[in-house]
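Results of the structural survey
The chain contents come next:
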Amino acid sequence: TSRYKLYSQTDVPIQEYVGEKTKVETYRTLYNRNLDESLKDIKCMYWAPQTYQMDICTVNGNVGGNEVVTLENGVLWKQRFETTRDGMFPEGIVSFPFFHFQEWKRVYRSTQLLNSHNIRQANVPGVIITKEGTLPLLSTQRSSSTDWNIQSHPWSNSKPSHFEWIKSDTGATPEHPSYNRFCLRSSKKGNPTGATICNVAASWPPAGNATHIASSVEGSAMVHLLRYPSTSKTTKGTFRRGTNQFISSSWWDEKSINANEDVTLVLTLQITSLHMKEESLVQSLLAMADSNIFLWSGQPSVLLINVDSTEADEGEKMSELAKALQLIKDKFETDQKETASNQTFHLKNSLVAVVDSKKPVVSRKALMNMAMHAAPTRWIVSGLELERGLVLSKEASYFAIREAKIYADLPGHVFVIPQFASKRDDTRQNSGSEVNPVPEGRVLYTGVGNDLLPTIRTKQSMTSNVAAYDCFQCSDAGVDDGAGTGAGEELTDDRSESRRLMDETSSKRSVEEQIEDLWWDLSVADVYGTPGGFRSSLDLIAKIHDRIEVSLISLLDRSDDHLEYLRYSDKSPILLIDRLGPHKEMMTLDLVPEVDEFGGRNCFNLLRLAQLATVGYKVTVLPGAFAASYPKTRAALCTESIMKQKQYCDCDFPSESTIREILIDEVKRLGKIAVLLNELDSRVKSVI
């Protein structure tokens, strides 16, 4: 660049050798001198066989970061180097020896490498390998790095076989499933610090298979497909030889899905051994899932149910598990006699699967990743916590489709759907009426209207403090009574102390409150035709968007107050996400997945949203759409046994040092992408 002319001059060496070459002292040379047999046990490079350890391990670390090592005629030499002149590198850029790639390989988590999975098939320049994972190498061939050729990406419905972008995404499409492996439960690896080992893995079955085991990892989960749209013989596929069994080439029915304009609702549900002790509780949880799919109005949906089968080999636990599985099958399994008038017609575009993990706790975020990668559409809604009794508003699917159409040519948007706890049940629903009959066992509520909206704003009927109405108490809250709330009862002052302290942080006010205020203003505009409050100017609305994005990005600076809030935020954001990123060749599912290892109710729930803002996604809200729990939904889930239970709500990963290292890696990885994008844009603009 013009500011760093020396760096741009190819005839000026960046670095040069200084001093004389000296021999490197390895344990092999040391052994040859004194024949100390104990030296044969040295081990410094865990990726190398023991035979070579003495040759590659240096004594007392006598090779510095400013030295180059060469092998000449079987002898290792080292020589110091220096940067040629001051001002050679831009401010903040330093040069250092490349750490051996094998050291990185043994630390990588599967989600850090998703960008490289399809690199051979994809028409992309390549990937950049870093300590924190792979980064997409973006093309500079077009006029701007943000340009998408909308007519040549896979989400257009015309001539999909001609589009090349589909090869870049490891998620599913209407034509093929996802082949990724997902780590549902991890533990700390012995060495090095920050490394993890996957204890329970799962993957989606190939199309045509109803059951699958990810057998590459011992103790892998079994995945059972209960329902998928391609069971219809109108889809592509073949008949199994010698039988009448139809084998589809995809999970989805391409004829009933608009991959570009439809929006897939992604749901996860975790049924624990405690849930299975009460048949009515399992039924209520399934009703929450079924209700939200019903409200999604026939658009694609994915429901991934995790069932805890720990120690369910005999006796009472086996019976409870069998009953729970039967209830799930009765609710969602494909019935060959299904008709347009029966109770399961709303499931015609639904993929429903059960993950039998044989472990008591798996990561909800890993389940979310797995479910999102099964979605066949460009737009995905995820994050809804069914276990809290949350139900989407009736118009949510309409508003989601509307935004998908509006932003079809503007990739890289994320829409936040707010969530509330209602203090009263919706008295306007026509349950059982002839005008709008509601099937028994399903909970449906009306959405934003000119009478409901003001009561949300003034907190008369709803509050955004969803945690105050949870069934159970978090065991790390320092309260000993053990009683839950739920069913409309709010937390006492003592029990909400930790929530109050979080409310007082600057990051809390600058993120959640601003998002909720923006949703209010834009929702009022939808209902009444004019923006609410004093924010009637488009310029002011744009400034609010900027402040929200800056506040989200600031959460990644790892300052004490931001780190505290980022870690303990107690709501899982409900997001409508575009799988196409703000820059071409950026694919959202692979670029910014949830962190599998951050399982737990309150464990870095806002991290992904902050990361998306960091790499240029436009964060806004979905006006008019919301999710809420109601006294009836909470009462159905807050049984006596659940309310007596204490739950550990913090991150359920057993190592604080590993959690810290994973967070650092995630912040650095997205930070490097942001720097790369900024540099790329600067170069493209300088050419233009």
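**Some details on the sheet that holds strand β18 (residues 419–422)**
The four strands lie next to each other as β16-β23-β18-β19, forming an open sheet whose pairing is mixed. Each edge of the sheet is formed by a strand with only one pairing partner; in this case those strands are β16 (391–392) and β19 (462–463). Here β18 runs beside β19; their pairing, made up of two bridges, is antiparallel. Bridged to Ala-421 within β19 is Thr-463.

**Topic: the nonpolar core**
In this structure, Ile-271, Leu-286, Leu-303, Ile-305, Ile-328 and Phe-332 are the most contacted members of the largest nonpolar core, which totals 54 residues. The element contributing the most residues to this core is helix α6 (residues 279–295), with eight residues. Each residue touching Leu-303, except ones within four places of it in the same chain, is listed here: Leu-267, Leu-269, Ala-289, Ile-293, Phe-332, Leu-351, Val-352, Ala-353 and Leu-386. Counting 50 residues, the second largest nonpolar core, distinct from the first, contains Leu-135, Val-414, Ile-515 and Leu-575.

**What to know about the state of the cysteines**
If you walk through the whole model with that rule in mind, you get four disulfides. The disulfide that involves Cys-603 links it to Cys-651, with 2.0 Å between the sulfurs. Measuring handedness by torsion sign, the sulfur bridge of Cys-603 and Cys-651 sits at about 95° and is right-handed. Taken as a pair, Cys-603 in the loop between α15 (588–591) and α16 (607–614) and Cys-651 in the loop between β24 (646–647) and α19 (656–687) lie far apart in primary sequence, 48 residues in all.

**Focus on unusual backbone geometry**
Unusually for a residue other than glycine, Leu-35 sits at a positive phi of about 55°. Relative to the assigned elements, Leu-35 resides in the loop between α2 (27–34) and α3 (53–56). Even without a glycine there, the phi angle at Asn-73 is positive, about 55°. With respect to the element layout, Asn-73 can be found in the loop between β2 (67–72) and β3 (75–83).

**Examining the pattern of salt bridges**
Here the structure, examined in full by the defined rule, presents 21 salt bridges. Residues Glu-385 and Arg-388 are paired through a salt bridge, measuring 3.0 Å at the closest nitrogen-oxygen approach. Of the residues examined, Glu-385 reaches a relative accessible area of 5% and is grouped as buried. Linking Asp-470 and Arg-388 is a salt bridge whose minimum nitrogen-to-oxygen distance equals 2.9 Å. Pair noted here: Asp-470 is in the loop between β19 and β20 (473–474) and Arg-388 is in the loop between β15 (379–382) and β16, with a separation of 82 residues, a long-range link. With a relative accessible area of 8%, Asp-470 lands in the buried category. Judged by its relative accessible area of 6%, Arg-388 is buried. Each of Arg-109, Glu-597, Glu-666 and Arg-669 takes part in salt bridges that share partners, so that together they form one network.

Cut-offs and rules
Residues numbered from 1 in each chain as written. Predicted model: local features only at pLDDT ≥ 70, side-chain atom pairs only at ≥ 80, totals over all residues. Heavy atoms only, no water. Pairing = 2+ DSSP bridges. Helix = DSSP H or I, 4+ residues; strand = E, 2+ residues; numbered from the N terminus. Core = buried A, V, L, I, M, F, W, Y, C linked by side-chain atoms within 4.5 Å. Buried < 20%, exposed > 50% of the residue type's maximum accessible area, 1.4 Å probe, protein only. Contact = heavy atoms within 4.5 Å. Disulfide = S-S within 2.5 Å. Salt bridge = Lys/Arg side-chain N within 4 Å of Asp/Glu carboxyl O.

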